[in-house]
Structure formats: structure tokens, C-alpha cells
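Take a look at the letters that make up each chain.
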Amino acid sequence: MLKLYNSMGRKLQEFEPISKGEVKMYTCGPTVWNYAHIGNFRTFVFEDVLRRYLKFKGYAVYQVMNITDVEDKIIKGIKQTKMSLKELTQLYEAAFMEDLRTLNVERAELYPKATAHIPDMVALIKTLERKGFAYRAPDGSYYFRVSKFKDYGALSGVRLDSLKPAGRVSSDHYEEKMEAADFALWKAWDPDDGDVFWETELGKGRPGWSIECSAMSMKYLGETFDIHTGGLDNRFPHHENEIAQSEAATGKKFVNYWLHSEFLNIRGEEMHKSVGNVVYLRDLAKAGWDPMTIRLFLVTSRYRDTIDLTDSSLEQARAQGARLSDAILRLREVRGEKADGTDLARSFLQEFEKAMDDDLNTPAAFAALFSFVKQLNSLMDAGSLGRAGADSALDALRRANSVLGVMSFEEDSLPPRLAELVAQRDLARKRRDFAESDRLRKELLSEGIVVEDTPGGTRWKMAGRG
Ligand SMILES: [Zn+2]
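Notes on the structure follow. Since the model is a prediction, treat every value here as computed from it, not as a measurement. (Residues numbered from 1 in each chain as written. Predicted model: local features only at pLDDT ≥ 70, side-chain atom pairs only at ≥ 80, totals over all residues. Heavy atoms only, no water.)

**Examining the packing of aromatic side chains**
Now for step 1: Tallied over the full model, the rule gives 22 aromatic pairs.
Now for step 2: Between Tyr 26 and Phe 225, the ring centres sit 6.4 Å apart and the planes meet at 55°, which makes this aromatic pair tilted. Of the two residues, Tyr 26 is situated in strand E3 (residues 22–27) and Phe 225 in strand E10 (residues 225–231); the sequence distance between them amounts to 199 residues. Here Tyr 26 and Phe 225 have matching classes, each one buried.
Now for step 3: Aromatic pair Phe 144 and Phe 183: ring centres 5.2 Å apart, planes at 15°, arrangement stacked. Note that Phe 144 is positioned in strand E6 (residues 142–144) and Phe 183 in strand E7 (residues 183–188), a separation of 39 residues in sequence. For the pair Phe 144 and Phe 183, one class covers both residues: buried.
Now for step 4: Grouped by ring-pair contacts, the aromatic residues Tyr 53, Phe 56, Phe 348, Phe 352 and Phe 372 constitute a single cluster.
Now for step 5: Between Lys 204 and the ring centre of Phe 197, over which it is positioned, the NZ or CZ distance is 4.3 Å. (Phe/Tyr/Trp six-rings, centres within 6.5 Å; stacked < 30°, edge-to-face > 60°. Helix = DSSP H or I, 4+ residues; strand = E, 2+ residues; numbered from the N terminus. Buried < 20%, exposed > 50% of the residue type's maximum accessible area, 1.4 Å probe, protein only. Lys NZ or Arg CZ within 6 Å of the ring centre and 35° of its normal.)

Below, the structure is given as C-alpha cells:
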């Protein structure tokens, strides 16, 4: 039975979807004003593992991830780059999708954009106004009346009185709203917004950030749905605001399970623009780290633990990846009819599932995986694993990898020119021309290909991939 840690109520709960066999899940997506950083991808990879594990458990998953393509940071980006809203957001949306593919993240079923859902947001704000939860400020902006929503703070534990500013607040925003805790649903046009505005029943302006997620999640998943996820930094105020807006409008419970991933630190420090230590996926790739190493680093820790990105943590992940790909290569080459490893594969999968059922305990799942690999290696060292056992082991690894997404089972293919060099080297070795064979080995190495000699002939792999 799958148990998940629900941020609402802060306890482990057995997972039970609203409709049998089907999970509806909303994951807060990126604000496409810049590349997403590695901390953001920690959350997106956690959500990917959650989605994959739900599928492993037999559920049909319907996942919606919004693309926030209108927001304060985007307006800032437009000013800095002189690009149009469309140019800027399309550029970074495409980069985001590319980064997801690089990290082997499965596609969600739907990626709705905020700018394509302005009428849904306007309708929701009008409902809130009609019910007395929203009001219009003198400048034409609309705010949510937080004091009228009694459960505000239930998710994050933030107390309403702590939101009241001490003394006079100079920010002109506070003069428009009635209470400091009130948050913007609709922002009236300001000259700073340039040509970013919509003419609507609410006037000329643009939506607040949180109303985007309330409107799009309920439109595609219903007024009450199963799982809502995000990074811990989304829990307050963003998710608290989403709950207030949605539940005030519908009178129904918005979400059954809230899941949040913890922060990712850089060399022991919190990642901040002001500290100047923000790391992007592209930086790590440039530094020579393989995407599978980065994904391994992200998924070997539990999503609710803080993780620390350092060279040594990446190096450790690289070594783990090498151990896995070596085992897969060896398993492929097993021949013969020796003792069966089927029981081993079965008990590994049981251990794996037990770990993942425990709120996606990936450290325990990897411990089971590496112990499985160690046992397989000993059997292969002793020559006592047969083809049938190797096949069941490979099947079990594939099954675990459908969740973890960190192993490659495809026969790698080389560009023809390099494949030719590998074949030539194989021939040189066979005719015992070791000088030529060594020369070709060095030439391949300069192209990033490591060759190894096995009884079956020359085997090659990418340098740095173990
Ligand atoms: Zn959101």
C-alpha cells in the first residue's frame, strides 16, 4: 500500500485516489523568464518519480503542469531584453522542455499556458467577488480578502496575525489593499507593464500569479482532485493562496494530497541569486557531467530531505551510474544454463516496491538496487548465473528503471566513422597487431570512446560513463 506524506496535516497517509485506478495530479510549472535552475529541477524530477511510481502501481496518471508566461519577473525580463512577451516566454519554454528531456523526465499530459486562460481567471475572480471574498481596490486591482477565509494558513502553519506588518508600511501596494495579508488576484495596468495587459470585465490589467494555478488546475482536473505538488518554497504563500481562492469559490475541498520537495543547497549554502551561486543544468553539462549522473544525484536522495550539490556528490552519483551500466553490460553477455537467478530478481522487486511505498523512499530503493547488483556480480564472477537468470535480472532492472529513469538499456550506437575504427581495432587485435590496435585505441579515446577487450571481442563505452 502506497503511503505519501501529506503536507496538509503533516502526516503519512495511505494513498487513495478519488476515482479507482486513476490519479489526477497538478504540478506547479516554471515561470518562463529565464532557465530553470537545478533546484527547480530537483522538484520536477521528484514529480517525475512520483508520476512514474503511480504508473508502476498500475494507476492511469493524468498530470497537468502549468507554464506561467505572465508574471512580475517576465515583465522585468521584457524590459531588460527588449523582447516581446511572446518571444521571451517561447524562448524559455522551449529551453525548459529541452532540459526536461535531458533529465529524462516524462512528459505531463498537459502544459496549459497562463496567457491562454485569462477568461477562466476572470470568471473565477468574479465568482470570488460575488461571494464576498474579493474586492476591487481604488487603482482597479482586485484582492483576496484573506480574513474572510477561516482556514487560511492550514497548509503552511503561517498565522494570519504574523502577516500584519508592524507599523506603517511604505510600500504603495499596502495602501491599496485593506489588509496586509490580502493578495492580488488581478493587477491593474501600470505604465511599467508596457503592452502586457488584457482588456477584461475586470478592467485593463493582468492576473496575479496564484489565480493562474487555481483556474487551470480546476479547469482540467475538477474542483477537487488527488495530488498537488511543488517545491517547499511554493507552500506559502502560493499554495496557501491557491487553496483559499479555490475553496472560497467552490465551497469544496480543493486537493486531497499536498506533496512538497525540500531545498537543494550548493556546497552547503542555500542557492540565491544574491549569493551568486545559482546553478543551471547547462552549467553542469558544460562542466562535463552526464545528464544521467545529474538525475542519479537528484533521485538517490529522498525528496523530503535537503540535498547538497557538490563535486563529490556528483562524483559519487557518476560511480553509481557506472556500476549500474557495467552490470547491465555484463548481464547481456551471460551465456549458459547455470543456476537460476529468478528468485533474486523477485525479491529485489519486492524490496524496491516496499521502499517506494514508504513515501517514495528512494535511498532505500537504491540500497536494494545496489545490493541486487552486488549479488548478481558475485554470481557472474563465480560463473553461476545462466541466461534465464540474467534475463530475469534485466527485466527487474528495467522495471525499477521505469520509475527511477537512470539506466540505459539501449544498445548504444556509434557514428559510422567511429564504429569503423572500433571494427578495425578488433581486427588488428585478432591478427595480433598490437601496435596498430593500441594506436586505434588512443584515437578512439581522443573521440571520447573507451574500448575494452573481452572474450567476445572489443567492447566500447563513452568515456565518463563508467
Ligand atoms: Zn502553482
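Now that the structure is up, let's keep going.
**Quick word on the packing of helix H1 (residues 38–56) against helix H13 (residues 387–404)**
Now for step 1: At their nearest, the axes of H1 and H13 sit 7 Å apart, and the two run at 135° to each other. By the criterion of interaxial angle, the relationship of H1 to H13 is oblique. From H1, Val 49, Arg 52, Tyr 53 and Phe 56 reach across to H13, where they touch Arg 399, Asn 401, Ser 402 and Val 403. (Axes fitted to C-alpha atoms, helices over the stretch in contact; angles between N-to-C directions. Parallel < 35°, antiparallel > 145°, perpendicular 65-115°, else oblique. Contact = heavy atoms within 4.5 Å.)

**Remarks on the pattern of salt bridges**
Now for step 1: In this structure the tally under the stated criterion is 31 salt bridges.
Now for step 2: Its salt-bridge partner being Asp 72, residue Lys 187 comes within 3.1 Å of it at the nearest N-O pair. Taken together, the residues span a long stretch of sequence, with Lys 187 in strand E7 and Asp 72 in helix H2 (residues 72–81) at a distance of 115 residues.
Now for step 3: Lys 187 sits in the partly exposed class, given a relative accessible area of 24%. (Salt bridge = Lys/Arg side-chain N within 4 Å of Asp/Glu carboxyl O.)

**Here's the deal with the sheet that holds strand E14 (residues 307–309)**
Now for step 1: What the three strands build is an open sheet, ordered E13-E12-E14; its pairing is mixed. Among the strands making up the open sheet, the edge pair consists of strand E13 (269–270) and E14.
Now for step 2: Relative to E13, strand E12 (residues 264–266) runs antiparallel, the two being bridged by two bridges. Residue pairing for E13: Ile 266 is matched across the bridge by Glu 269.
Now for step 3: Here helix H9 (residues 291–299) sits on the sheet and contacts E12 and E14; the angle it forms with E14, its principal contact strand, is near 155°. (Pairing = 2+ DSSP bridges.)

**Quick look at the packing of helix H4 (residues 118–130) against helix H6 (residues 209–221)**
Now for step 1: Where H4 meets H6, the axes come as close as 9 Å, and the angle between the chain directions of the two elements is 105°. As summarised for this structure, H4 and H6 are arranged roughly perpendicular, according to the angle between their axes. On H6, the residues touching Asp 120, Met 121, Leu 124, Ile 125 and Leu 128 of H4 are Ile 211, Glu 212, Ser 214, Ala 215, Met 218 and Lys 219.
Now for step 2: Its residues assigned to classes, the contact of H4 with H6 comprises seven nonpolar, one polar and three charged. (Nonpolar A, V, L, I, M, F, W, Y, C, P; charged D, E, K, R; others polar.)

**Examining the coordination of the zinc ion**
Now for step 1: Protein coordination of the zinc ion is provided by Cys 28 (SG), Cys 213 (SG) and His 238 (NE2), with donor distances spanning 2.0 to 2.2 Å.
Now for step 2: Mapping the donors of the zinc ion onto the primary sequence gives the spacing C-x184-C-x24-H. Taken together, the positions of Cys 28 in the loop between E3 and H1 and Cys 213 in helix H6 put the pair 185 residues apart, joining distant regions of the chain.
Now for step 3: On the basis of relative accessible area, Cys 28 is assigned to the buried category, the value being 5%.
Now for step 4: Accessibility expressed as a relative area gives 1% for Cys 213, which makes it buried. (Donors = N, O, S within 2.8 Å, 3.2 Å for Na, K, Ca; no water.)

**Structural notes on the side chain of Glu 247**
Now for step 1: Relative to the assigned elements, Glu 247 resides in helix H7 (residues 235–250).
Now for step 2: Here Glu 247 sits buried without a salt bridge, and the closest side chain of opposite charge, Lys 253, lies 7.2 Å off (N-O distance).
Now for step 3: Not counting the four nearest positions on each side in its chain, Glu 247 is found in contact with Phe 149, Lys 252, Lys 253 and Phe 254. (Lys, Arg positive; Asp, Glu negative; His and termini not counted.)

**Examining helix H12 (residues 362–381)**
Now for step 1: Taking 1.5 Å per residue as the helical rise, H12 with its 20 residues ought to reach 28 Å, and the 28 Å between its terminal C-alpha atoms agrees with that figure.
Now for step 2: At its buried positions, H12 is contacted by H1, H9, helix H10 (311–333), helix H11 (342–357) and H13.
Now for step 3: Looking one or two residues beyond H12, the residue adopting positive phi is Gly 383, at roughly 65°. (Expected span 1.5 Å × (residues − 1).)

**Details of the sheet that holds strand E5 (residues 134–136)**
Now for step 1: If you walk across this open sheet you meet the five strands as E5-E6-E7-E9-E8, and the pairing is antiparallel. Here the strands that pair on one side only, and so sit at the sheet edges, are E5 and strand E8 (198–200). Strand-to-strand, the axes of this sheet are offset by a mean angle of 35°, without reference to chain direction.
Now for step 2: By the bridge criterion, three bridges tie E6 to E7 in an arrangement that is antiparallel. Within the sheet, the bridge partner assigned to Phe 144 lies in E7 and is Phe 183.
Now for step 3: Docked against the sheet, H4 engages E5, E6, E7, E8 and strand E9 (203–207), running at close to 120° with respect to E7.

**Remarks on helix H14 (residues 416–430)**
Now for step 1: Taking 1.5 Å per residue, 15 residues should reach 21 Å; H14 reaches 21 Å between its end C-alpha atoms and fits that length.
Now for step 2: When H14 is considered as a whole, its buried residues turn out to be Leu 418, Leu 421, Val 422, Arg 425, Asp 426 and Ala 428. Mapping the buried residues of H14 onto a view down its axis gives an arc of 165°, with all of them on the same face. Turned more than 90 degrees away from the buried face of H14, the exposed residues are Pro 416, Arg 417, Leu 427 and Lys 430.
Now for step 3: Once H14 ends, the next one or two residues include Arg 432, with phi positive near 60°. (Arc of directions from axis to C-beta.)

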